[in-house]
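Each chain, letter by letter, is given below.
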Amino acid sequence: MHQERVFEPDCLLKSHSNNKVCFPIAFISLLTQATDLQQVLDIAAEWVDTIIPCDRVSVAIPENTHQLKVFAFHGNKAIPLDMLIPIENSFVGRVFQTQKLTICDHVQQSLEIDCTLLSSHGLSCCMDAPLINNGICYGTLNIAHKEGAFYNEQHAALLQSIASWLALNIALHTQAQRMEQLASIDDLTRVPNRRKFMNTIENKFKNYKATGKGFYVAILDLDNFKLLNDNHGHDAGDLMLVKSADVAKFVIGKQDFLARIGGEEFAFIIERDSWAEVVEAMEAVRYSIASLKVEHNNQPIGITTSIGVTHVRPQDATFGETIVRADQALYVAKERGRNCVELL
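Model, not experiment: these values are computed from the prediction. Note on numbering: residues in each chain are counted from 1, in written sequence order. Per-residue local features of the predicted model are confined to residues with pLDDT of at least 70, and side-chain atom pairs are confined, for both listing and counting, to 80 or more; whole-chain, interface and lining totals are unaffected and use all residues. The side-chain values count all of the structure's non-hydrogen atoms but skip hydrogen atoms and water molecules.

**A look at the sheet that holds strand β4 (residues 84-86)**
The strand order across the open sheet formed by seven strands is β1-β5-β6-β7-β2-β3-β4, and the pairing between neighbours is antiparallel. Of all strands in the sheet, those bounded by a partner on one side alone are β1 (4-7) and β4. In this sheet, adjacent strand axes meet at a mean angle of 25° when their direction is disregarded. Judged from the eight bridges that link them, strand β6 (residues 125-133) and strand β7 (residues 136-145) form a sheet pairing that is antiparallel. Along β7, the bridge assignment pairs Cys-125 with His-145. Two strands pair if DSSP finds at least two bridges between them. Segments assigned H or I by DSSP are reported as helices when at least four residues long, segments assigned E as strands when at least two residues long, and all are numbered from the N terminus. Interaxial angles span 0 to 180 degrees and are taken between N-to-C directions of axes, which are lines fitted to C-alpha atoms, for helices over the stretch in contact.

**Focus: the packing of helix α3 (residues 37-47) against helix α6 (residues 153-184)**
Closest axis-to-axis distance for the α3/α6 pair is 10 Å, and the angle between their directions is 170°. The pairing of α3 with α6 is recorded here as roughly antiparallel in orientation. Of the residues in α6, those in contact with Leu-37, Val-40, Leu-41 and Ala-44 of α3 are Trp-165, Leu-166, Asn-169, Ile-170 and His-173. Should an angle fall under 35 degrees it is taken as roughly parallel, and over 145 as roughly antiparallel, whereas 65 to 115 is taken as roughly perpendicular and any remaining angle as oblique. In this description, contact between two residues means that some pair of their heavy atoms is separated by no more than 4.5 Å.

**Here's the deal with the nonpolar core**
One broad trend across soluble globular proteins is that nonpolar side chains are buried collectively. Counting residues in each nonpolar core, the largest one holds 40 residues, and the members touching the most others are Leu-101, Leu-131, Leu-141 and Ile-143. Broken down by element, this core gets its largest block of residues, 10 residues, from α6. As used in this record, nonpolar core signifies buried Ala, Val, Leu, Ile, Met, Phe, Trp, Tyr and Cys residues forming a set joined through side-chain atoms within 4.5 Å. The buried label applies to any residue whose accessible area, calculated with a 1.4 Å probe on protein chains only, is under 20% of its type's maximum; exposed applies above 50%, and partly exposed to all values in between. Tyr-216, Leu-220, Ala-236 and Ile-307 belong to the second-largest nonpolar core, a separate cluster that totals 30 residues.

**A word on empty space enclosed by the protein**
Every definition here rests on a 1 Å grid over the protein atoms only: cavities are sets of points where a 1.4 Å probe fits but cannot get out, pockets are open sets enclosed by protein on both sides within 12 Å along at least five of seven lines, and lining residues have some atom within 4 Å of a point. Grid points are joined across faces, edges and corners, and a volume is the space filled by probe spheres set on the points. All told, the structure shown has one cavity of 30 Å³ or more when counted by the stated rule. In this structure, the largest cavity spans a volume of roughly 50 Å³. As for the largest cavity, its lining consists of Arg-56, Ser-58, Val-70, Ile-79, Ile-85, Val-92, Asp-114 and Asn-142. Under the scheme applied, nonpolar residues are Ala, Val, Leu, Ile, Met, Phe, Trp, Tyr, Cys and Pro; charged residues are Asp, Glu, Lys and Arg; polar residues are all the others, including Gly. Residues that form the lining of the largest cavity fall into these classes: four nonpolar, two polar and two charged.

**Things to note about the side chain of Asp-128**
In this structure, Asp-128 sits in strand β6. Those residues in contact with Asp-128 that sit more than four places away from it in its chain are Phe-91, Val-92, Val-95, Lys-100, Leu-101, Thr-102, Thr-140, Leu-141, Asn-142 and Leu-159.

**Topic: the pattern of salt bridges**
Note on definitions: salt bridges are taken to be side-chain nitrogens of Lys or Arg within 4 Å of carboxyl oxygens of Asp or Glu. Inspection of every chain in the model, using the stated rule, returns 15 salt bridges. A salt bridge links Glu-112 to Arg-94, with the shortest nitrogen-to-oxygen separation between them at 2.8 Å. Note that Glu-112 is positioned in the loop between β5 (101-104) and α5 (113-120) and Arg-94 in helix α4 (residues 91-98), a separation of 18 residues in sequence. Here Glu-202 ties to Lys-206 by a salt bridge, and the two come within 3.6 Å at their closest N and O atoms. Pair noted here: Glu-202 and Lys-206 are both in helix α7 (residues 194-211), with a separation of four residues, about one helical turn. Among the ionic contacts, a cluster of salt bridges with common partners joins Glu-4, Arg-94 and Glu-112.

**Some thoughts on the environment of Asp-235**
Along the chain, the position of Asp-235 falls in helix α9 (residues 234-252). You can call Asp-235 exposed: its relative accessible area is 59%. Distance in space between the C-alpha atoms of Asp-235 and His-296 is 8.5 Å, their sequence separation being 61 residues.

**A word on α9**
Take the residue count of a helix, subtract one, and multiply by 1.5 Å to get its expected span. The end-to-end C-alpha separation of α9 is 27 Å, in line with the 27 Å expected for 19 residues at 1.5 Å each. In the segment just after α9, Gly-253 is the residue with positive phi, at about 65°.

**Considering the pairing of strand β2 (residues 56-62)**
Within β2, six of the seven residues are buried, which leaves the element mostly enclosed by the surrounding structure. Pairing analysis gives seven bridges linking β2 to strand β3 (residues 67-75), with the strands arranged antiparallel. Looking at the pairing, Ser-58 lines up with Phe-73 of β3. Counting the residues in the hairpin turn of β2 and β3 gives four residues. With five bridges connecting them, β2 and β7 associate as antiparallel partners. Bridging across to β7, Ala-60 finds its partner in Thr-140.

Dropping the structure here:
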């Protein structure tokens, strides 16, 4: 079998705790200007070879339970950006699973898919470090060199130090994403909340003013929802909200945006080519919810909806004016007897 050396990350770092890692000032400067995790990974990949000699650098992060995806790379193009690498039967996959830094001295002797690719592009050895933070492995940091058996334990300690720092950045970014998601999702229906809706429509409106790309806004209200709560209880009301949101989300798919903006009201941001398509979509939502029967205490409960729809207009000074017009259309739908779609 080809020669490999395997290191436990914590033990490796402890045994080299007195060593120093020198980062170029330009590297630190670029990192302070990074606005998202992708930029951090790209910058790290680009600058690792100034810290550790290598002909290729790549960062692989799980895409799903079976594959890692190359999210950033620099140098030799043996394994390109966005390539999916199977966790089974790959060198980086093995490092990801074992969570141990591993050096492969001669990649041409390995049958693992990524080592084979490295060898076919003129690389002779590689070293892969797990991106570990608080016991969670977020992926791997891999470097490769044209010379066989090039890397030593000192190189391994340097790479693991960088990998641990990258893992911290990924962990913080993941935590921030989770907090942002929690702050943007309605607890009951699990669709975006009013805050997310306002942020989204603000961005759509800015884009409209800059590019002229229009959009539609619809406000949906569950008819006589208070009466349902009074007659069947708040548990039944909550269940109806959840089921109605599920139905609406299923009907519009991923093409349009749906949010719960308060109480029994939902809002849509719709990007379709014509009024006819918008009406068809909203009528489908209205009909589907009207056809919905929710079982509560062995009793089927139904509800209807009223929907007001409008299109953003050149004379709208703010997106608030668009929302007000959709609300006005909703009011007209209510006045018409409910369970209908009204355009304005």
